[in-house]
Amino acid sequence: MSREHWSEDAACRGKAASVFFPDHRILNDHRYDEAMAICADCTVRQDCLEMVIVLEDTDDRWGVFGGLTPPQRAKLRKELKEMLR
């Protein structure tokens, strides 16, 4: 397989951004369901998560990346920092 970037194989490629970045004023627990379903079967999910997990929490407050919501990524960052201590 020849590709320029892992994102060429992403399951979200061509999907509406609003699926992954729903209106942040909506506090519905199900607002990320469609995005999470797409990410669940994505072959480059880990690559996507690795791309965004290096950002600071303050720079990563929106959207689903690597199958995780912003609060889930914040928790993962905290766990990773604690492991590295």
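These figures come from a predicted structure and were not determined experimentally.

Draft legend 1. View of a nonpolar patch on the surface. Residues Leu80, Met83 and Leu84 make up a contiguous nonpolar surface patch of about 370 Å² in total accessible area. Tracing the backbone through its elements, the reader meets leucine 80 in helix H4 (residues 70–83).

Draft legend 2. Seen up close, the packing of aromatic side chains. What the rule picks out here adds up to one aromatic pair. With a centroid separation of 5.6 Å and an interplanar angle of 75 degrees, the aromatic rings of phenylalanine 21 and phenylalanine 65 are classed as edge-to-face. In this pair, phenylalanine 21 is assigned in the loop between helix H1 (17–20) and helix H2 (33–40) and phenylalanine 65 in the loop between helix H3 (45–53) and H4, connecting sequence segments 44 residues apart. According to the relative accessible area criterion, phenylalanine 65 is buried, its value standing at 19%.

How each quantity is defined
Residues numbered from 1 in each chain as written. Predicted model: local features only at pLDDT ≥ 70, side-chain atom pairs only at ≥ 80, totals over all residues. Heavy atoms only, no water. Patch = residues over 30% accessible without salt bridge, like charges linked within 9 Å, V, L, I, M, F, W, Y side chains within 5 Å. Areas by Shrake-Rupley, 256 points an atom, 1.4 Å probe, with all protein chains shown as cover. Salt bridge = Lys/Arg side-chain N within 4 Å of Asp/Glu carboxyl O. Helix = DSSP H or I, 4+ residues; strand = E, 2+ residues; numbered from the N terminus. Phe/Tyr/Trp six-rings, centres within 6.5 Å; stacked < 30°, edge-to-face > 60°. Buried < 20%, exposed > 50% of the residue type's maximum accessible area, 1.4 Å probe, protein only.

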